[in-house]
Amino acid sequence: MARRVWTTEDFQRWLSASGLSAPQLAAVLDVSERTAKRLRSGEVGVKDAMTARAQEWLGQSRTTSGRDAELLDSYAAQADWADLCQAFPNAHITTMQSAIARGWTSANSHNFRQLSQPERMPQPAKWGGYDLEWIPGVDLPWGVEVREDTDGRPYRVASAERTLLELAVNESLFGIDDVEECYRGAFADGGTRPDVLLLRRKARERGEKAADQVYYYARSFL
């Protein structure tokens, strides 16, 4: 996003779209958690330094670019991801839904949607005709893209690297064959290649098992 002066309304729209909890918001803006809560409620004014940090964070979150981004935003509009993210304000789309939207797999969603959020949040089994599968929200908000679909509506989706990591860690939900297909699709010619070094580093941060799982799937692309 190009840097410009944000109005209070711009900042509030970002707050709503970002999916950040109060502690995460405080860390992003370099303010106290109390100030973060008061910003969210509109009790205190927004300073230029805060909007600059917010814009920087927003720009850095959008790691999918070019044709890949166009396809992702188009799929998001068709799949009503904005409505889903609005219903769960601290959640983001991840794993198989993200992989399908990125064109990595021939798998069908079968009306399932995979979401991740802080585990203390409500996790209903269904919403709006969709079956929901909840992925543990580890190391948030790393790897969550805050985007707008082709209708201009905000949504949140796991980055390419976070999608691959969470697919590997949660392979029991999807099966080895489907996860392998997603990895092959992610590294196929014609798209932006995921950052393997970042993927492996984040996997190691989750522990030896996660690191081994990611290495198993990514070994052909190292």
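Quick caveat, the model's predicted, so the values are computed rather than measured. (Residues numbered from 1 in each chain as written. Predicted model: local features only at pLDDT ≥ 70, side-chain atom pairs only at ≥ 80, totals over all residues. Heavy atoms only, no water.)

**Let's talk about the overall build of the chain**
Of regular secondary structure, the chain possesses 12 helices and 6 strands. The C-alpha atoms of the chain give 17 Å as radius of gyration, which agrees with the globular expectation for 222 residues (17 Å, within 12%). On the principal axes, the C-alpha backbone points of the chain span a range of 50 × 35 × 35 Å. Across the 222 residues that make up the chain, the buried fraction comes to 47%. Residue pairs at least 24 apart in sequence account for 60% of intrachain contacts in the chain once pairs closer than 6 positions are excluded. Charge-centre separation for the chain: the mean point of 28 positive side chains lies 5 Å from the mean point of 32 negative side chains. (Helix = DSSP H or I, 4+ residues; strand = E, 2+ residues; numbered from the N terminus. Rg over C-alpha atoms; globule rule 2.2 N^0.38 Å. Buried < 20%, exposed > 50% of the residue type's maximum accessible area, 1.4 Å probe, protein only. Contact = heavy atoms within 4.5 Å. Lys, Arg positive; Asp, Glu negative; His and termini not counted. Charge placed at Lys NZ, Arg CZ, Asp CG, Glu CD.)

**Some thoughts on the environment of glycine 175**
Note that glycine 175 resides in the loop between helix H9 (171–174) and helix H10 (176–186). Residues glycine 175 and methionine 96, spaced 79 residues apart in sequence, show a C-alpha to C-alpha distance of 11 Å.

**As for empty space enclosed by the protein**
Under the defined criterion, the tally for this structure stands at 1 cavity of 30 Å³ or more. Estimated volume of the largest cavity: approximately 90 Å³. Lining the largest cavity, in full, are Ser18, Gly19, Leu20, Gln24, Asn90, Ala91, His92, Pro118, Leu140, Pro141, Val144 and Arg156. Here the lining of the largest cavity is composed, by residue class, of 6 nonpolar, 5 polar and 1 charged. (1 Å grid on protein atoms, 1.4 Å probe; cavity = no way out; pocket = protein on both sides within 12 Å on 5 of 7 lines; lining within 4 Å. Points joined across faces, edges and corners; volume = space filled by probe spheres on them. Nonpolar A, V, L, I, M, F, W, Y, C, P; charged D, E, K, R; others polar.)

These values are about where atoms sit, not about what they do.
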